[in-house]
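Structural overview for review
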Amino acid sequence: MSTIVPVVLSGGAGTRLWPLSREAAPKPFMPLPDGETLLGKTAHRAVAVPGSRGLVTVTNRDYYFRTKDVYAGLAEREPMDAAYLLEPFGRNTAPAVAVAAMLVRARYGDDAVMLVLAADHLIRDEAAFGAAVTRAAATALAGKLVTFGITPTLPETGYG
């Protein structure tokens, strides 16, 4: 099996959960009732995927040290071989994924499978997530693009 390289997209304008979440304190950094952040949970979930190697985080340069602090707070679950791509300002998802793809290809080769994760998603069943990623990686290695999502129930322009 090929290497799976998790890429975490972390940032945001802090508008969805305002006033709790703001530009200075976006959703991925908000502590949850269990004391962890969505970013911490995402990083832990990413590096726990079978066959994963490294961790690439794309974030705003203003969030670099906060991101490193969250990862360091994961203790023994801290991502090893982490790379950071720092944006001077947010440009949305496509440019972040494109620059991450260039880094993944340069570091891990043409056969690496990139797993792009939003830092503000809560996924409780990590075993099911890992199994879904393993199945998706096999499909990706066959030259297909794989996406995960929830079937929409109504039109919504706020969710990309």
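Rules used in this analysis
- Residues numbered from 1 in each chain as written.
- Predicted model: local features only at pLDDT ≥ 70, side-chain atom pairs only at ≥ 80, totals over all residues.
- Heavy atoms only, no water.
- Core = buried A, V, L, I, M, F, W, Y, C linked by side-chain atoms within 4.5 Å.
- Buried < 20%, exposed > 50% of the residue type's maximum accessible area, 1.4 Å probe, protein only.
- Helix = DSSP H or I, 4+ residues; strand = E, 2+ residues; numbered from the N terminus.
- Phe/Tyr/Trp six-rings, centres within 6.5 Å; stacked < 30°, edge-to-face > 60°.
- Contact = heavy atoms within 4.5 Å.
- Salt bridge = Lys/Arg side-chain N within 4 Å of Asp/Glu carboxyl O.

By size, the foremost hydrophobic cluster in this structure holds 19 residues, and its most contacted members are Ile4, Leu39, Tyr71 and Leu115. Listing elements by their share of this core, those giving two or more residues are strand 1 (4-10), helix 1 (38-48), helix 2 (64-72), strand 4 (113-118) and helix 4 (126-141). Ranked by size, the runner-up nonpolar core spans twelve residues in total, among them Leu9, Ala100, Val104 and Ala112.

Our next topic: the packing of aromatic side chains. Under the definition given, this model contains five aromatic pairs. Centroid distance Tyr64 to Phe65: 4.9 Å. Interplanar angle 70°. Geometry classified as edge-to-face. On the accessibility criterion, Tyr64 (21% relative accessible area) is partly exposed. Both rings, one in Tyr64 and one in Tyr84, keep their centres 5.1 Å apart while their planes meet at 90°; by these two values the pair is edge-to-face. Highlighted residues: Tyr64 in helix 2 and Tyr84 in strand 3 (residues 82-87), separated in sequence by 20 residues. Every member of this aromatic cluster is reached through a ring pair, and the members are Tyr64, Phe65, Tyr71 and Tyr84.

With respect to the helices and strands, the residue Phe29 is situated in the loop between strand 1 and helix 1. Here the alpha-carbon distance between Phe29 and Val70, two residues 41 residues apart in the chain, equals 8.0 Å. Setting aside chain neighbours within four positions, we find Phe29 in contact with Ser10, Thr37, Leu39, Tyr63, Arg66, Thr67 and Val70.

Another aspect to go through is the pattern of salt bridges. Applying the stated criterion across every chain, the model contains four salt bridges. Put simply, Asp34 and Lys41 hold a salt bridge, and the shortest N to O gap is 2.5 Å. By relative accessible area, Lys41 is classed as buried at 16%. When the shortest N-O distance is used, the salt bridge between Lys41 and Glu36 registers 3.7 Å. Here the salt bridges share partners, and the residues they tie into one network are Asp34, Glu36 and Lys41.

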